[in-house]
Amino acid sequence: MTDAVIETRGLCRQYGAFVATDHVDFAMKAGDRRALIGPNGAGKTTFLNLLTGQVMPTSGTVWLNGEDVSQVPMHRRVKRGIARTFQLNTLLRESTVLENVQLAVLEHRGQGGKLFGGARAQRDAAESAMEILGRLAMTEHAGRRVSELAYGRQRLVEIAIALALQPKVLLLDEPAAGVPPADSHLVLDVIAALPDAIAILIIEHDMKLVFRFAERINVLVQGRMLMEGTPADISSDPRVREVYLGKSHHG
Ligand SMILES: Nc1ncnc2c1ncn2[C@@H]1O[C@H](COP(=O)(O)OP(=O)(O)OP(=O)(O)O)[C@@H](O)[C@H]1O
């Protein structure tokens, strides 16, 4: 047994002859603040999809809280504590921030269909939603329509919806994409300050944000995990400089 909340062993994914994920060993513990970096096409999104179950492995295993979930479909992995946000917008833009998060809480509790009944369930869900919004410094925006918010705050609503699933592992694919540079570090700071019990993995191209957020960084190149280390290890490693920072970085 390890104390990893999520772990992969020898994880592989091929598309025909093309190897998108190549024998990846990876582990995160509760409270980790981790970034996954690598050049375009390195296989970062594929790796995230393998963790969530959107993509199934060709070989190798995925472990969630010590259980082999390699063949478990995505919706059941969510129930076991893994959540992610998407780069596409899944928000109800003309509803309020609170309504969006409340709905996610209700759905997670299996009460999503009871929109006009269950006043108590509604109230409880609203309380939970407000608590989540508080963690994201969004309390004062709860009553605003999503469409009225600055883009950075809309990204935080997506994260609030993921938090409604009460994850132990939170996966974020470019959480600050599209956010004006002046605000992007604020988005990452709010994410970093989420409760310690949650392990957080981000894919991020902007190295300034990566170095600000992550305690450890994994570098993926051509489907393989080239190295894992602290920001200092990564920035001083000649292989990383050559394959990633030097040539293909597009952040
Ligand atoms: N369904 C698929 N069928 C065939 N090839 C695929 C499929 N999904 C991904 N790939 C290939 O796997 C490789 C890795 O893609 P992936 O999107 O995971 O990389 P990435 O590191 O996230 O890239 P980026 O930084 O550009 O988003 C790419 O060459 C891609 O074309």
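What counts and how
- Residues numbered from 1 in each chain as written.
- Predicted model: local features only at pLDDT ≥ 70, side-chain atom pairs only at ≥ 80, totals over all residues.
- pLDDT = per-residue confidence, 0-100.
- Pairing = 2+ DSSP bridges.
- Helix = DSSP H or I, 4+ residues; strand = E, 2+ residues; numbered from the N terminus.
- Axes fitted to C-alpha atoms, helices over the stretch in contact; angles between N-to-C directions.
- Parallel < 35°, antiparallel > 145°, perpendicular 65-115°, else oblique.
- Left-handed = near helix turned anticlockwise from the far one by under 90°.
- Contact = placed C-beta atoms within 7 Å.
- Nonpolar A, V, L, I, M, F, W, Y, C, P; charged D, E, K, R; others polar.
- Core = buried A, V, L, I, M, F, W, Y, C linked by C-beta atoms within 7 Å.
- Buried ≥ 20, exposed ≤ 12 C-beta atoms within 10 Å, placed from the backbone.
- Domains from an automatic or database assignment.

By the naming in an unreviewed UniProt entry, the chain goes by Branched-chain amino acid transport system ATP-binding protein and is assigned to Pigmentiphaga litoralis.

**Some details on the confidence of the model for the chain**
Summary statistics for the chain give a mean pLDDT of 90 and a share of 93% for residues scoring 70 or more. Interface predicted TM-score (ipTM) for the complex: 0.96; the corresponding pTM is 0.91.

**Some points on the pairing of strand β1 (residues 4-15)**
Pairing analysis gives eight bridges linking β1 to strand β2 (residues 18-29), with the strands arranged antiparallel. Bridge pairing in β2 links T8 to F26. Connecting the antiparallel pair β1 and β2 is a turn made up of two residues, with G16 showing a positive phi of about 60°.

**What to know about the packing of helix α3 (residues 97-108) against helix α5 (residues 151-163)**
The contact between α3 and α5 brings their axes to 8 Å, and the two run at 25°. In terms of axis orientation, α3 runs roughly parallel to α5. Where α3 crosses over α5, the handedness of that crossing is right-handed. Facing V97, N100, V101 and A104 of α3, the residues of α5 in contact are V157, A160 and I161. The residue makeup of the contact of α3 with α5, split by class, is six nonpolar, one polar and no charged.

**Considerations on the environment of V24**
Relative to the helices and strands, V24 is located in strand β2. Placed 177 residues apart in sequence, V24 and L201 show a C-alpha to C-alpha distance of 15 Å. Ignoring sequence-local partners within four residues, the contact set of V24 consists of T8, L11, F47 and M225.

**Details of the nonpolar core**
Ranked by internal contacts, the top residues of the largest apolar core, which has 65 residues, are V101 and A160. In terms of residue count, α5 provides more of this core than any other element does, seven residues in total. The two domains that each donate at least three residues to this core are domain 1 (1-81 + 167-250) and domain 2 (90-165). Sequence-distant contacts of A160, defined by excluding residues within four places in its chain, comprise V101, I132, L133, L136 and M138.

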